[in-house]
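# Per-entry structural report
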Amino acid sequence: PRPLYNVMLDYYEAKLFSPSDEISELGKLKLLQSLDNWSYRIIGLGFPFLTIGIIAGGVWANEAWGSYWSWDPKETWALITWIVFATYL
């Protein structure tokens, strides 16, 4: 695992050692690859918390209102977000 400062170092290396004022294509590729890796890891860390939150919310809703799921907008968008993240992972 690469620390976040290595991602920034990739960017500044690409910027510093580039022959022109623009970042080289290799530098852009390394930066995008690093950001993609960090994105995947952070979503992988948060996904179980989202899952636990949705399940806990369903249990609470059953106690409060007598049903686990009522398809209101918050519940529906939580499910859509969960499906999008599950597909990404």
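Definitions and limits used
- Residues numbered from 1 in each chain as written.
- Predicted model: local features only at pLDDT ≥ 70, side-chain atom pairs only at ≥ 80, totals over all residues.
- Heavy atoms only, no water.
- Helix = DSSP H or I, 4+ residues; strand = E, 2+ residues; numbered from the N terminus.
- Buried < 20%, exposed > 50% of the residue type's maximum accessible area, 1.4 Å probe, protein only.
- Contact = heavy atoms within 4.5 Å.
- Areas by Shrake-Rupley, 256 points an atom, 1.4 Å probe, with all protein chains shown as cover.
- Phe/Tyr/Trp six-rings, centres within 6.5 Å; stacked < 30°, edge-to-face > 60°.
- Patch = residues over 30% accessible without salt bridge, like charges linked within 9 Å, V, L, I, M, F, W, Y side chains within 5 Å.
- Salt bridge = Lys/Arg side-chain N within 4 Å of Asp/Glu carboxyl O.
- 1 Å grid on protein atoms, 1.4 Å probe; cavity = no way out; pocket = protein on both sides within 12 Å on 5 of 7 lines; lining within 4 Å.
- Points joined across faces, edges and corners; volume = space filled by probe spheres on them.
- Nonpolar A, V, L, I, M, F, W, Y, C, P; charged D, E, K, R; others polar.
- pLDDT = per-residue confidence, 0-100.
- Lys, Arg positive; Asp, Glu negative; His and termini not counted.

Let us look at the overall build of the protein. The secondary structure content of the protein amounts to three helices and zero strands. Ordered by position from N to C terminus, the α and β elements of the protein give α-α-α. In the protein, which comprises 89 residues, the share counted as buried stands at 15%. Restricting to contacts in the protein with at least 6 residues of sequence separation, those with at least 24 account for 56%. Accessible surface, the protein: about 7,000 Å² in total, of which carbon and sulfur atoms supply 70%.

Take the packing of aromatic side chains next. All chains considered together, the criterion is met by four aromatic pairs. Pairing Trp-69 with Trp-71 gives two aromatic rings, centres 5.6 Å apart and planes at 75°, and the pair type is edge-to-face. Using a relative accessible area of 28% as the deciding quantity, one classes Trp-69 as partly exposed. For Trp-71, a relative accessible area of 57% corresponds to the exposed category.

Looking now at a nonpolar patch on the surface. Taken together, the side chains of Tyr-40, Tyr-88 and Leu-89 make up a nonpolar region of the molecular surface, amounting to roughly 260 Å² of accessible area. Here Leu-89 lies in the segment after helix H3 (73-88).

This part is about the layout of surface pockets. The volume enclosed by the largest pocket comes to roughly 180 Å³. If you trace the largest pocket, you find 13 residues lining it, with Ile-54, Gly-57, Gly-58, Ala-61 and Glu-75 closest to the centre. Those elements giving two or more residues to the lining of the largest pocket turn out to be helix H2 (25-65) and H3. Element by element, the count of residues in the lining of the largest pocket is highest for H2, at seven residues. In terms of residue class, the lining of the largest pocket is made up of seven nonpolar, three polar and three charged.

What follows covers the confidence of the model for the protein. The pLDDT averaged across the protein works out to 82; a share of 71% of its residues lies at or above 70. Ranking the elements of the protein by mean pLDDT puts helix H1 (residues 4-16) last, at 62, and H3 first, at 94.

Mapped onto the elements of the fold, Glu-75 is located in helix H3. The side chain of Glu-75 is buried and forms no salt bridge, while Lys-74, the nearest opposite charge, is found at 10 Å. Sequence-distant contacts of Glu-75, that is, excluding residues within four places in its chain, are made with Tyr-68, Trp-69 and Ser-70.

All right, on to unusual backbone geometry then. Notably, Trp-71 is not glycine yet its phi reads approximately 60°, a positive angle. Structurally, Trp-71 can be placed in the loop between H2 and H3.

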